[in-house]
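# An overview of the molecular structure
Letter by letter, the chains look like this.
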There are 2 protein chains.
Amino acid sequence: MLVATLTIVGVGLLGGSIGLAAKERKLASRIVGVGRSRERLEPARQRGIIDEITLDLAGAAAESDIMVFCTPVDQIIRQIQIAASASRPACLLTDVGSTKRHIVESIENSGGNPASFVGSHPLAGSEKQGWEFAQANLFQGRTVVVTVTTRTSTAAVARIKEFWRMLGAVVVEMDPAEHDRVLAQTSHLPHLTASALAASMSLKTEQMMLAASGLRDTTRIAAGDPDLWAAILHENCREILPALVSLRHTLDRWQAALEKGDRGAIESLLEQGKQFRDALGN
Amino acid sequence: MLVATLTIVGVGLLGGSIGLAAKERKLASRIVGVGRSRERLEPARQRGIIDEITLDLAGAAAESDIMVFCTPVDQIIRQIQIAASASRPACLLTDVGSTKRHIVESIENSGGNPASFVGSHPLAGSEKQGWEFAQANLFQGRTVVVTVTTRTSTAAVARIKEFWRMLGAVVVEMDPAEHDRVLAQTSHLPHLTASALAASMSLKTEQMMLAASGLRDTTRIAAGDPDLWAAILHENCREILPALVSLRHTLDRWQAALEKGDRGAIESLLEQGKQFRDALGN
């Protein structure tokens, strides 16, 4: 596989890592970065993450063979619509948004060429932001979900899957709504919980040194960008709610066990948590 | 500082790491490991974690200069009482229990020589268990709390602080009840939360690959030993309850924000979590 022009819209941690990985694997003849600010893009070009920069999304679309949208989930739909109407028929568009149902439905119902778009979600990234943290091996061995609906082009899915595999990822196909239900549990509820745990702490400065690695691990993702994550959690709130209710039921049982000082119940709750965590692996 | 005979009661991750660190820093002329099973202790001796092994706690106490109790929190009190009545007056006893109020009060009220005991809690360890995971640098730069009450001997505290510093730790003095209040927040609630989050997942096997690093980080400590942690959480349930109630209030606000689809409220909650996490540091 060789892409003549690969365009990355939004050159941050994910977009920058796609650029680095594509360069390292010689996946594209030319990599164009689209952003809002030349000042932010120019140093990324100098570091060799992208070859060319532009602020003109429609202009870039007209010259692209594959476009990857790495912008916040509440901007992706509008940007794909602009790009899709300017791109050539053979150009494929995908995104890296953490929610999929709303994005995929909106694009498929917006009247363009639905064959040109396939939703993606690479399960990679961190609480860090910006191309400064980009890594060529960010996708190595990581799962990328590629969404498939009744309207998705089989040929487009095959090409987008190949694209991610070339970057080192393991690709799974999934219905967008199922993706959102599963991610509500595996990503969005953990983020919410880490944030709530962090927010519920009331510690004096000198007590902060009593924070061991458990608290650091458990709350690490709470350092993520609130604006970015508010967009994700807001977009998927319908699916996150039942997951949150399930967590609250477990916490009800914890509270009862602690109030009774019931050591057996405490141990049984811990056993349940361990069972899932051991199954999850490292 | 040189300890003639250092005795480690309970040669697991922490006890084993004390042995390795003491050897590396030439802190003791002789290190004795006390346990329940020769079969478990002998390979630790062969690996050079301890010099001698015994199952006879009172016999070991009679020959010790410093004894460190690294057994589960619900066994420490009884073992210290046995050792204290068999040890020489100059022998110092400390422990590594994750809760302190009950242990320190019990020892101080049990009528022995209170000058010989100082409670300790090294904020080090992991979800791993056993001396197989012991590391000589486990305490390097880590916080160790040493408890001080009106009945604690100043000379004993100074010597125990020196002991931990020799192992690389940063020592802070604290009242046992304050220790338990702070640890309820910085360690016990995170453990409970990680466990509850893990237990609330309902995923099919093929959906497990959609678990990104956020879920792994957030639930890592849920893999810890349920028996060990049940003892800790049970012993400190009085202090954990208000911390849990505070978390539940934050989750109430999350649920309301999601039910309303209120993006502003979601972002504001995330900002609060980020504020604490950024202050905590890496």
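Calculation criteria
- Residues numbered from 1 in each chain as written.
- Chains lettered and ligands numbered in written order.
- Predicted model: local features only at pLDDT ≥ 70, side-chain atom pairs only at ≥ 80, totals over all residues.
- Heavy atoms only, no water.
- Helix = DSSP H or I, 4+ residues; strand = E, 2+ residues; numbered from the N terminus.
- Rg over C-alpha atoms; globule rule 2.2 N^0.38 Å.
- Buried < 20%, exposed > 50% of the residue type's maximum accessible area, 1.4 Å probe, protein only.
- Contact = heavy atoms within 4.5 Å.
- Areas by Shrake-Rupley, 256 points an atom, 1.4 Å probe, with all protein chains shown as cover.
- Least-squares fit on C-alpha atoms with pLDDT ≥ 70 in both.
- Pairing = 2+ DSSP bridges.
- Axes fitted to C-alpha atoms, helices over the stretch in contact; angles between N-to-C directions.
- Buried area = accessible area lost by both parts, 1.4 Å probe.
- Salt bridge = Lys/Arg side-chain N within 4 Å of Asp/Glu carboxyl O.
- 1 Å grid on protein atoms, 1.4 Å probe; cavity = no way out; pocket = protein on both sides within 12 Å on 5 of 7 lines; lining within 4 Å.
- Points joined across faces, edges and corners; volume = space filled by probe spheres on them.
- Nonpolar A, V, L, I, M, F, W, Y, C, P; charged D, E, K, R; others polar.
- Parallel < 35°, antiparallel > 145°, perpendicular 65-115°, else oblique.
- Left-handed = near helix turned anticlockwise from the far one by under 90°.
- Phe/Tyr/Trp six-rings, centres within 6.5 Å; stacked < 30°, edge-to-face > 60°.
- pLDDT = per-residue confidence, 0-100.
- Polar contact = N/O pair within 3.5 Å; in protein donor to acceptor, adjacent residues only side chain to side chain.
- Core = buried A, V, L, I, M, F, W, Y, C linked by side-chain atoms within 4.5 Å.

### Digging into the overall build of chain A
Across its full length, chain A holds eleven helices and eight strands. The C-alpha atoms of chain A give a radius of gyration of 21 Å, which matches the 19 Å a tight globule of 282 residues would have. Counting only residues that meet the buried cut, chain A has 59% of its 282 residues in that class. Here the analysis covers contacts within chain A between residues at least 6 apart in sequence; of these, 72% occur between residues at least 24 apart. For chain A, the exposed surface amounts to about 10,800 Å²; the carbon and sulfur share of it is 49%.

### Brief notes about the relation of the copies chain B and chain A
Between the two copies of this chain, the relationship is a rotation about some axis together with a displacement along it. Between the two copies, chain B and chain A, the superposition gives an RMSD of 0.0 Å; the rotation angle is 180° and the shift along the axis is 0.0 Å. The two molecules are tied by a two-fold rotation axis, judged by turn and shift. The position closest to the rotation axis in chain B is occupied by the C-alpha of threonine 218 of chain B, lying 2.0 Å away. Mapped onto chain A, 100% of the interface residues of chain B are again interface residues, and the two copies thus contact each other with one and the same surface.

### Thoughts on the sheet that holds strand E2 (residues 28–34) of chain A
Residue and element names in this part refer to chain A. Spatial strand order, E3-E2-E1-E4-E5-E6-E7-E8: eight strands in an open sheet with mixed pairing. The sheet terminates laterally at strand E3 (52–54) and strand E8 (170–174), the two strands that pair on one side only. Across this sheet, the average inter-strand angle for adjacent strands is 25°, counted without regard to direction. As paired elements, strand E5 (residues 92–95) and strand E6 (residues 117–122) share three bridges and run parallel to each other. Looking at E6, one finds that leucine 93 is bridged to phenylalanine 117. Sheet contacts for helix H1 (residues 13–24): strand E1 (3–9), E2 and strand E4 (66–69); angle to E1, the most-contacted strand, approximately 160°.

### Points about the interface of chain B and chain A
Listed per partner, the contact involves 86 residues of chain B and 86 residues of chain A. Around 8,100 Å² of area is buried between chain B and chain A when both sides are counted, 67% of it from carbon and sulfur atoms. Summed over the shared surface of chain B and chain A, the result is eight salt bridges. A salt bridge links arginine 263 of chain B to aspartate 227 of chain A, with the shortest nitrogen-to-oxygen separation between them at 3.2 Å. Residue assignment for the side of chain B that touches chain A shows that the elements contributing at least two residues are strand E8 (143–147), strand E9 (170–174), helix H7 (176–199), helix H8 (213–219), helix H9 (226–235), helix H10 (237–260) and helix H11 (263–280) of chain B.

### With respect to empty space enclosed by the protein
Residues and elements named next belong to chain B. In this structure the tally under the stated criterion is one cavity of 30 Å³ or more. Size it by volume and the largest cavity reaches roughly 30 Å³. Lining the largest cavity, in full, are Val104, Glu108, Phe117, Val118, Gly119, Thr147 and Thr152. For the lining of the largest cavity, the residue count by class is three nonpolar, three polar and one charged.

### Description of the packing of helix H7 (residues 176–199) of chain A against helix H10 (residues 237–260) of chain A
Packed helix pairs are characterised by how far apart their axes lie and by the angle those axes make with each other. Residue and element names in this part refer to chain A. Contact geometry for H7 and H10: axes closest at 9 Å, N-to-C directions at 60°. The pairing of H7 with H10 is recorded here as oblique in orientation. Like other packed secondary-structure pairs, H7 and H10 cross with a definite hand, here right-handed. Side by side, H7 and H10 meet where Asp180, Arg181, Ala184, Gln185, His188, Leu189, Leu192 and Thr193 of the first sit next to Glu239, Ile240, Ala243, Leu244 and Leu247 of the second. Among the residues making up the contact of H7 with H10, the classes are represented as seven nonpolar, three polar and three charged.

### What about the packing of aromatic side chains?
Residues and elements named next belong to chain A. Considering all chains together, one arrives at four aromatic pairs over all chains under this definition. When the centroid spacing of 5.3 Å and the interplanar angle of 75° are considered together, the rings of phenylalanine 163 and tryptophan 164 count as edge-to-face. Just as phenylalanine 163 is buried, tryptophan 164 falls in that class too. Put simply, the rings of Phe139, Phe163 and Trp164 touch in pairs and so form one group of aromatic residues.

### Comments concerning the sheet that holds strand E7 (residues 120–122) of chain B
Residues and elements named next belong to chain B. Across the sheet, three strands lie side by side as E7-E8-E9; this open sheet has mixed pairing. Sheet topology places E7 and E9 at the edges, where each strand pairs with a single neighbour. Averaged over all pairs of adjacent strands, the angle between their axes in this sheet comes to 20°, without regard to strand direction. Bridge count for E7 against E8 is three bridges, and the pairing is antiparallel. The residue of E8 that forms the bridge with proline 122 is valine 144.

### Focus: the confidence of the model for chain A
Chain-level statistics for chain A give a pLDDT mean of 94 and a share of 98% at 70 or above. As a predicted assembly, this complex carries a pTM of 0.89 together with an ipTM value of 0.89.

### What about the side chain of threonine 219 of chain A?
Within the secondary structure, threonine 219 of chain A sits in helix H8 (residues 213–219). Here leucine 215 of chain A takes part through its backbone oxygen, which lies 2.7 Å from a polar atom of the side chain of threonine 219 of chain A. Ignoring sequence-local partners within four residues, the contact set of threonine 219 of chain A consists of Ala194, Leu197 and Ala198 of chain A together with Arg277 and Leu280 of chain B.

### As for the environment of leucine 197 of chain A
Among the structural elements, leucine 197 of chain A can be located in helix H7. When the C-alpha positions of leucine 197 of chain A and valine 3 of chain A are compared, they lie 45 Å apart, and in sequence the two are 194 residues distant. Setting aside anything within four residues of it in sequence, one finds leucine 197 of chain A in contact with Thr218 and Thr219 of chain A together with Leu189, Pro190, Thr193 and Leu247 of chain B.

### Considerations on the nonpolar core
Core analysis: the largest hydrophobic core is formed by 120 residues, its most contacted members being Met67, Trp254 and Leu258 of chain A together with Met67, Trp254 and Leu258 of chain B. Sequence-distant contacts of tryptophan 254 of chain B, that is, excluding residues within four places in its chain, are made with Leu192, Ser195, Ala196, Leu233 and Leu244 of chain A together with Ile266, Leu269 and Leu270 of chain B. Core analysis: the second largest hydrophobic core is formed by 39 residues, Leu6, Leu92, Val146 and Trp164 of chain B among them.

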